[in-house]
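Examination of the molecular architecture
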Amino acid sequence: MTTPALLPLSGRRIPTLSPGASSFPHHRATLRLSEKFILLLILSAFITLCFGAFFFLPDNSKHKRFDFGLEDVENAGRTKSVILPTSILRDKIRADHERALQEAKEKLRKSKEELKAEIQTEKTKVVEDLKKKDGPKPLPPVPMPKLVGVSDGDPGDSDTKEKRDKIREMMKHAWDSYRQYGWGHNELKPIAKKGHSTNIFGNSQMGATIVDALDTLYIMGLHDEFKDGQEWIEQNLDFSVNAEVSVFEVNIRFIGGLLAAYYLSGQEVFKVKAVQLAEKLLPAFNTPTGIPWAMVNLKSGVGRNWGWASAGSSILAEFGTLHMEFVHLTYLTGNPAYYQKVMHIRKLLAKMDRPNGLYPNYLNPRTGRWGQHHTSVGGLGDSFYEYLLKAWLMSDKTDTEARKTYDDAIEAIERHLIRKSNGGLTFIGEWKNGHLERKMGHLTCFAGGMFALGADGSPDDKAGHYLQLGAEIAHTCHESYDRTVLKLGPEAFKFDSGLEAVAVRQNEKYYILRPEVIETYWYMWRFTHDPKYRQWGWEAVQAIDKYCRVSGGFSGVKDVYSSNPTYDDVQQSFFLAETLKYLYLLFSSDELLPLENWVFNTEAHPLPVLHLGNITLPGSETQR
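Cut-off values and rules
- Throughout, residues of each chain are indexed from 1 in the direction in which the sequence is written.
- pLDDT decides what is reported in this predicted model: residues at 70 or higher carry local features, side-chain atom pairs at 80 or more are listed and counted, and totals for whole chains, interfaces and linings draw on all residues regardless.
- Values reported for side chains reflect all heavy atoms of the structure, with hydrogen atoms and water molecules removed beforehand.
- Here a strand is any run of E in DSSP of at least two residues, a helix any run of H or I of at least four, and the numbering for each starts at the N terminus.
- In this scheme, a residue with accessible area under 20% of its type's maximum is buried, one over 50% is exposed, and one in between is partly exposed, where area comes from a 1.4 Å probe on protein chains only.
- It only takes one pair of heavy atoms within 4.5 Å for two residues to be counted as in contact.
- The protein chains shown are the only cover counted for residues, whose accessible areas, like all others here, come from Shrake-Rupley with a 1.4 Å probe.
- Each pair of strands is called paired provided DSSP finds at least two bridges between the two strands.
- Between N-to-C directions, angles span 0 to 180 degrees; the directions come from axes that are lines fitted to C-alpha atoms, helices contributing only their stretch in contact.
- Side-chain atoms alone can form a polar contact between residues adjacent in sequence; in general such a contact is a pair of N or O atoms within 3.5 Å, and within protein one must be able to donate a hydrogen while the other accepts it.
- Aromatic contacts are taken between Phe, Tyr and Trp rings whose centres are within 6.5 Å, Trp giving its six-membered ring; a plane angle under 30 degrees counts as stacked, one over 60 as edge-to-face, and the others as tilted.
- Take the residue count of a helix, subtract one, and multiply by 1.5 Å to get its expected span.
- In this context, the arc is that of the directions from the helix axis out to the C-beta atoms.
- UniProt positions are given in the numbering used here, feature names are shortened, and annotations may be inferred rather than shown by experiment.
- Note on terminology: a nonpolar core comprises buried Ala, Val, Leu, Ile, Met, Phe, Trp, Tyr and Cys residues joined through side-chain atoms within 4.5 Å.

Let's talk about the overall build of the protein
- Helix and strand counts for the protein come out as 18 helices and 23 strands.
- With 624 residues in all, the protein has 50% of them scored as buried.
- The contacts of the protein with a sequence gap of at least 6 include a subset with a gap of at least 24, amounting to 67%.
- For the protein, the exposed area adds up to about 29,400 Å²; of that, 53% sits on carbon and sulfur atoms.

Given below as structure tokens:
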């Protein structure tokens, strides 16, 4: 007996007999002919009945007044319907009858598969028509900001170029592995060789790695891979899903990534998708204070905060890391809501008392009061300070309010959190309930680059001081790498009990492909061109390639002090967005994404400087 072949139909698979099968072929043919004959008889009888019934209607002019799609005739300023004679109506009905009969015959001649294909085509057309009808309004045309240095960046000498090519090859390995084993998933499990996701993306498969990696692919000249990512986004990236996502993570990775891809490539689809997603985030701001919830359901718009956050609080680094992307959204859409949301947050914070001039990490969105008095330049606080500085830079240094807020915050951080260890290492501790914890996180290591970036424009001619402070933080963070077996830095490290820049707890000894130390190396290289920063970057490249590379991509490791570490089996999307991008830029010339023209969001997505001295954002006053 012949095995039925399986053919897909609208998501199902139905058994159909293969061509050589012989299950009652003659009876089936006979049955098909009689079915067609009966259908023809019924159709003919129905049409004839309608045709004949017309002549038994009473002869009243109102029954002869039909609209057959003919144009109305304008007469003396009034529109009148055309009244057709009975003979013309009879001929038209006869013609309609013949045409309907012919169409019915043609339908019955078609195979089952052809009919299904026609139905599917009609369904698709209806869906597309509905999308056009209910789709987003076209975005207003706006002048593209001045874009400089979006590609190349050849470093010149062959040794540096060879190192840069190695980093490009690592990016290709990470991308190709994701393309093969995790395509469409948010991230990749490179050991298990399958897709991976975390609760920051809800339960949805939004292709986070694709969106996060796009600009890195573009600046590295991996244009075939970029095109693959663009096609996936065009065809599959859908935000109308029932998923509860982190507002912060989706903003920095997705909106930031899509905006950067738009500015670099000029492809409109990225701008359109960024705006579609941004509209889904706006309901998160529907709180009594306007401080957004940490999470929002993309479908229902319902928001809430993380259960572990102090007394139902929102987190400083989350609600304080929206400004760059939201200003660009207002610029591109003309919708003032985005700009107004982030400026409202700034104004609310400006009115609040700050213990010792420090910003606590927790703020209750219902009451507008601080939660637990915990201040950190690492996790929970970090990018709030970064975005104050970058708001000023992105405005072409016209947003002086942002610069003043940054300067005041950094002054308080220097006074209360920055210390020097017994061994001479400068570190940034954490303020917890009135005392300093002498511990620094890997995340805090970004601050070296931030101090260097903000040196120019510092008050009281302190530019040299802050550049030196950035160098000291870079040195401390390099020591945290150099004092491990793998030459990769731990998640957190202490400065007490005779131990310096070393992790103590087992749950702080892991490395998950984080970028912050390399980010600081890159900024310090740009501002000083001291060759040690490239040397330190190359040490990191070699360690990552040796200990984190596997056949299915790159994985984090659980203990950087072990010579035989176990893998965590996650290739983070930020490894492609940040770590590899900063390494590539470290070994490129300064002409690639010059800092006078580009500002990087906290996920390393470059956004162009907006010359706001000549532009008034909708809903804002002139900022100069």
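Now that the structure is up, let's keep going.
Comments concerning the sheet that holds strand 17 (residues 439–441)
- Read across the open sheet, the three strands follow the order 17-18-19; overall the sheet is antiparallel. Either end of the sheet is taken by a strand with one partner, and the two such strands are strand 17 and strand 19 (499–502). The mean inter-strand angle of the sheet, taken between neighbouring strand axes irrespective of direction, is 20°.
- Taken together, the three bridges between strand 17 and strand 18 (residues 492–496) define a ladder with antiparallel strand orientation. Bridge pairing links Gly441 to Ala492 in strand 18.

Some thoughts on the side chain of Ser376
- Within the fold, Ser376 resides in the loop between strand 12 (374–375) and helix 12 (382–394).
- Polar side-chain contacts of Ser376 include one of 2.7 Å to the backbone nitrogen of Gly378.

Points about the packing of aromatic side chains
- For the coordinates displayed, the defined rule picks out 26 aromatic pairs.
- Centroid distance Trp175 to Trp183: 5.6 Å. Interplanar angle 85°. Geometry classified as edge-to-face.
- Judged by its relative accessible area of 24%, Trp183 falls in the partly exposed class.
- Seen in terms of ring centroids, Phe326 and Tyr338 are 5.6 Å apart; in terms of plane orientation they differ by 90°. Their pairing is edge-to-face.

Overview of the sheet that holds strand 8 (residues 295–297)
- Strand order in the open sheet formed by three strands is 7-8-9, and the pairing between neighbours is antiparallel. Two strands lie at the open edges of the sheet, namely strand 7 (244–246) and strand 9 (303–304), each paired on one side alone.
- The sheet contact formed by strand 7 and strand 8 spans three bridges and is antiparallel. Bridging from a neighbouring strand, Val245 pairs with Val296 of strand 8.
- The sheet strands contacting helix 7 (residues 247–265) are strand 7 and strand 8, and the helix crosses strand 7 at an angle near 70°.

Thoughts on helix 6 (residues 223–236)
- Here helix 6 spans 20 Å end to end across 14 residues, near enough to the 20 Å set by a 1.5 Å rise per residue.
- Taken residue by residue, helix 6 has Glu225, Phe226, Gly229, Gln230, Trp232 and Ile233 as its buried positions. Taken around the axis of helix 6, the buried residues stretch over an arc of 160°, which confines them to a single face. Seen from the open side of helix 6, the exposed residues pointing more than 90 degrees away from its buried face are Asp224 and Gln235.
- On its buried face, helix 6 sits against helix 4 (158–181), helix 5 (208–219), helix 7 and helix 8 (268–281).

Digging into helix 10 (residues 323–333)
- Extensive coverage of helix 10 is indicated by the burial of eleven of its eleven residues.
- For helix 10, the full list of buried residues reads His323, Met324, Glu325, Phe326, Val327, His328, Leu329, Thr330, Tyr331, Leu332 and Thr333.
- Among the structural elements, helix 7, helix 8, helix 11 (337–351), helix 12, strand 22 (598–600) and strand 23 (606–608) are those in contact with the buried residues of helix 10.
- Just beyond helix 10, the residue with positive phi is Gly334, at close to 80°.

So, the UniProt feature "active site" (unreviewed entry) in the protein
- As annotated in UniProt, the feature "active site" (unreviewed entry) corresponds to Glu249, Asp382, Glu491 and Glu516 in the numbering used here.
- You can see Asp382 is positioned in helix 12.
- Owing to a relative accessible area of 13%, Asp382 belongs among the buried residues under this scheme.
- In this fold, Glu516 is placed in helix 16 (residues 516–528).

Structural notes on the nonpolar core
- Ranked by size, the top nonpolar core spans 163 residues in total, and within it Phe254 and Phe451 carry the most contacts.
- Sorting elements by how many residues they give to this core places helix 7 first, with twelve residues.
- Beyond its immediate stretch of four places on either side in the chain, Phe254 contacts Phe201, Met206, Ala208, Val211, Leu237, Phe239, Glu249 and Leu277.

Some details on the pairing of strand 18
- Across the five residues of strand 18, four count as buried, placing the element largely inside the fold.
- Bridging between strand 18 and strand 19 involves three bridges; their strand directions are antiparallel. Across the sheet, Phe495 pairs through a bridge with Glu500, a residue of strand 19.
- Where strand 18 folds back onto strand 19 in an antiparallel hairpin, the turn is made up of two residues, including Ser497, whose phi is positive at roughly 55°.

Quick word on the environment of Asp496
- Checked against the element boundaries, Asp496 lands in strand 18.
- Here the alpha-carbon distance between Asp496 and Ser421, two residues 75 residues apart in the chain, equals 8.1 Å.

Digging into the environment of Ser265
- On the secondary structure map, Ser265 appears in helix 7.
- Judged by its relative accessible area of 19%, Ser265 falls in the buried class.
- The sequence separation of Ser265 and Val150 amounts to 115 residues, and the corresponding C-alpha distance is 8.8 Å.
- At 2.6 Å, the side chain of Ser265 and the backbone oxygen of Ala261 are in polar contact.

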